[in-house]
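# Structural overview for review
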Amino acid sequence: MTERFRVVPAVYVLLRRHGDAGSEVLLQLRQNTGYMDGKWAMAAAGHVEAAESVFEAGCREAAEELGVRIEPRHLRALCVMHRTGGTGLPIDERVDFFFECWQWSSTPRLVESDKTADLRWFPLDDLPEPVVPHERLVLGHVHADTLPPVVTFGFDATPSRPSSR
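Worth saying up front: this structure is predicted, and the values here are computed from it rather than measured. Starting afresh in each chain, residues are numbered from 1 along the sequence in its written order. Selection of residues for local features in this predicted model requires a pLDDT of at least 70, selection of side-chain atom pairs for listing and counting requires 80 or more, and totals for whole chains, interfaces and linings are taken over all residues. As a rule here, side-chain values come from all non-hydrogen atoms in the structure, and water together with hydrogens is ignored.

## A closer look at the nonpolar core
Defined as follows: By nonpolar core is meant a set of buried Ala, Val, Leu, Ile, Met, Phe, Trp, Tyr and Cys residues that side-chain atoms within 4.5 Å join together. Relative accessibility decides the category of a residue: with a 1.4 Å probe and only protein chains considered, values under 20% of the type maximum give buried, values over 50% give exposed, and everything between is partly exposed. Numbering goes from the N terminus for both helices and strands, where a helix is a DSSP run of H or I of at least four residues and a strand is a run of E of at least two. We call two residues in contact when some of their heavy atoms are within 4.5 Å.
Grouped together as the largest cluster of nonpolar side chains are 23 residues, with contacts concentrated most on Leu27, Met42, Met81, Phe98, Val138 and Leu139. When contributions to this core are tallied by element, the ones reaching two or more residues are β1 (8–19), β2 (22–30), β3 (40–42), β5 (76–84), α2 (133–144) and β8 (150–153). With four residues, α2 is the largest single contributor of residues to this core. Non-local contacts of Met81, meaning those with residues more than four positions away in its chain, are made with Arg94, Val95, Asp96, Phe98, His134, Leu137, Val138, Val151 and Phe153. With 18 residues, the next largest nonpolar core counts Cys59, Val68, Ile70 and Cys101 among its residues.

And the structure:
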């Protein structure tokens, strides 16, 4: 039998709140991870573990990285992204599940200081630079209220955009 193609599942939780300047999102500045260090990223994200749902993974990542407790029912699906790094290596073939959350317990805080240099709220219309590119695509669509349910990234020279049919 031929070896099957595999993808790595990951989950992203976009914490949102209403701030003085409008809708804000919580981002972390990555450091010492070996992936996208020096770039801003969604504050809670990571791999989905074996026998774990994407909802369980999102809640777990938020607890591990931000010290907050999220009920799975408070995760609202934003989109699914099929993404490639273009190397052909299994680690670069991804399916990412993006959620937003407006309700949690505790105050988000920087828990993994060895992996996170900073943690801050930003208005959606004034994001810092640089942001992890595939996350920037999602954040841009969230801000414009144009996020389709499924997006791709990395298959062409530029991120794919869904047709407007």
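## Comments concerning the pattern of salt bridges
As a reminder of what qualifies: For salt bridges, the criterion is a side-chain nitrogen of Lys or Arg within 4 Å of an Asp or Glu carboxyl oxygen.
Within this structure, the stated rule accounts for ten salt bridges. The partner of Arg60 in a salt bridge is Glu61, and the shortest N-O contact between them spans 2.9 Å. Here the two residues Arg60 and Glu61 agree in accessibility, since each one is buried. We note a salt bridge from Arg120 to Asp118, for which the minimum N-O separation is 2.8 Å. Its relative accessible area of 41% is what places Arg120 among the partly exposed residues.

## Some thoughts on α2
The criterion, for reference: A helix is expected to span 1.5 Å multiplied by its residue count minus one.
The first and last C-alpha atoms of α2 sit 17 Å apart over twelve residues, in line with the 16 Å expected at 1.5 Å per residue. The secondary structure elements touched by the buried residues of α2 are β1, β2, β3, β5, β6 (93–101) and β8. Backbone geometry just after α2 places Asp145 at a positive phi near 55 degrees.

## Structural notes on the pairing of β6
The cut-off we apply is this: When DSSP locates at least two bridges between a pair of strands, those strands are taken to pair.
Extensive coverage of β6 is indicated by the burial of eight of its nine residues. The sheet contact formed by β1 and β6 spans eight bridges and is parallel. Bridged to Pro9 within β6 is Val95. Relative to β6, β5 runs antiparallel, the two being bridged by eight bridges. Paired with Met81 across the two strands is Asp96, which belongs to β6.

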